[in-house]
Amino acid sequence: MAIVAPSFLSANFLTLEADCKMVNESEADWFHLDVMDGRFVPNITFGPMIIDFIRKATTKVCDVHLMIVEPEKYVEDFKKAGADILTVHLEACTHLHRNIEQIKSLGMQAGVALNPHTPVEALKEVLHDIDLVLIMSVNPGFGGQKFIQQTLQKITNLRRMIDEKGLATKIEIDGGVTLQNAPDIIKAGAHVLVAGNTVFKSKDPKDTIAQLKKITR
Ligand code: DX5
Ligand code: ZN
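Fair warning: this is a prediction, and the values are worked out from it, not measured in the lab. Throughout this description, residue numbers start from 1 for each chain and increase along the sequence as written. Here the convention is simple: chains get letters from A, ligands get numbers from 1, in the order in which they are written. Where local features are concerned, this predicted model is filtered to residues with pLDDT of at least 70; where side-chain atom pairs are given and counted, the filter is 80 or more; whole-chain, interface and lining totals use all residues. Excluding hydrogens and water, the side-chain values take into account all heavy atoms of the structure.

Each helix is a run of H or I in the DSSP string that is no shorter than four residues. Each strand is a run of E no shorter than two, and both are numbered from the N terminus. Here Thr198 shows up in helix 7 (residues 197-200). Pairing of N or O atoms within 3.5 Å defines a polar contact, subject to two protein rules: one partner must be a possible hydrogen donor and the other a possible acceptor, and residues neighboring in sequence count only if both atoms are side-chain atoms. For Thr198, the side chain forms a polar contact with the main-chain oxygen of Val177, separated by 2.5 Å. Should any heavy atoms of two residues lie within 4.5 Å, those residues are considered in contact. Once residues within four sequence positions are removed from consideration, Thr198 is found in contact with Val177, Thr178, Leu179 and Thr208.

As structure tokens, then:
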């Protein structure tokens, strides 16, 4: 079964508690929280303070996706805020291995995200060190964009690399995931579906989560 991670980027921040409650009561597995700095991506969202509030409103896994430069400056703050999984972008990290070690040393799971143009082979030397690979299936920065089709081939290639090495690394797909394309994404080898608009803009978000959850390989 797919791991489902609703992205709060598409939630209503005026009634955030209600959206947290909805996700708590749903079959969703993770809370996906998108941190943007206006430098790595052309948008600004929220930081550890908001995540700290959200953390108190859920017992589910807190999956924090950092789209920021110099993540090492804030890794401890996100740990304190309650992140369980902390994902940094390969393109934002000159010393990626050091960033991964820092995240793990604080007891969090470490993820690495790849922009659409970055080949999965770029992870070859760190794959055995990380818990999660987040493949961006849109250019990061905004919700509600169209899924980039080439992502499916990247998923297949990465899954092969992971399986050949006998690793348990999870593949998370983020951007443009819909009820229509999710079966192909899972079939290609992904484990985790992030969904912002598909969940929060649907008529019955809980049911949409349940439908995503049902998808098997
Ligand atoms: C985009 C974010 C995504 C975003 C996905 O940069 O990383 O998590 O919320 O939104 P949808 O699912 O609407 O494409
Ligand atoms: Zn994200």
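As a further point, take the UniProt feature "active site" (unreviewed entry) in the protein chain. Under the present numbering, the feature "active site" (unreviewed entry) in UniProt falls on Asp34 and Asp174. A maximum C-alpha distance of 10.5 Å among these annotated residues, which run over 141 residues, shows that they cluster at one spot. Those annotated residues from the list above that line the largest pocket are Asp34 and Asp174. Here Asp34 shows up in strand 2 (residues 30-36). Accessible area is worked out with a 1.4 Å probe on protein chains only. A residue is then buried under 20% of its type maximum, exposed over 50%, and partly exposed in between. Residue class for Asp34 comes out buried when judged on its relative accessible area of 3%. Contacts of Asp34, omitting those with residues within four sequence positions, involve Ser7, Leu9, Thr45, Phe46, His65, Met67 and Asp174. Among the structural elements, Asp174 can be located in strand 7 (residues 170-174). UniProt positions are given in the numbering used here, feature names are shortened, and annotations may be inferred rather than shown by experiment. Buriedness of a pocket was judged along seven lines, with at least five required to meet protein on both sides within 12 Å; pockets are open sets of points on a 1 Å grid over the protein atoms alone, cavities are sets where a 1.4 Å probe fits but cannot get out, and lining residues have an atom within 4 Å of a point.

What follows deals with the coordination of the zinc ion (ligand 2). Coordinating donors are taken as N, O and S atoms within 2.8 Å of the metal, stretched to 3.2 Å for Na, K and Ca; because water is absent from the atoms, sites can appear incomplete. Surrounding the zinc ion (ligand 2) are the protein donor atoms His32 (NE2), Asp34 (OD), His65 (ND1) and Asp174 (OD), at 2.0 to 2.3 Å. Of note, the donors binding the zinc ion (ligand 2) are all from one chain and are spaced H-x1-D-x30-H-x108-D. Placement of the pair is His65 in strand 3 (residues 61-67) and Asp174 in strand 7, with a sequence separation of 109 residues. With respect to class, His65 is no different from Asp174; both count as buried.

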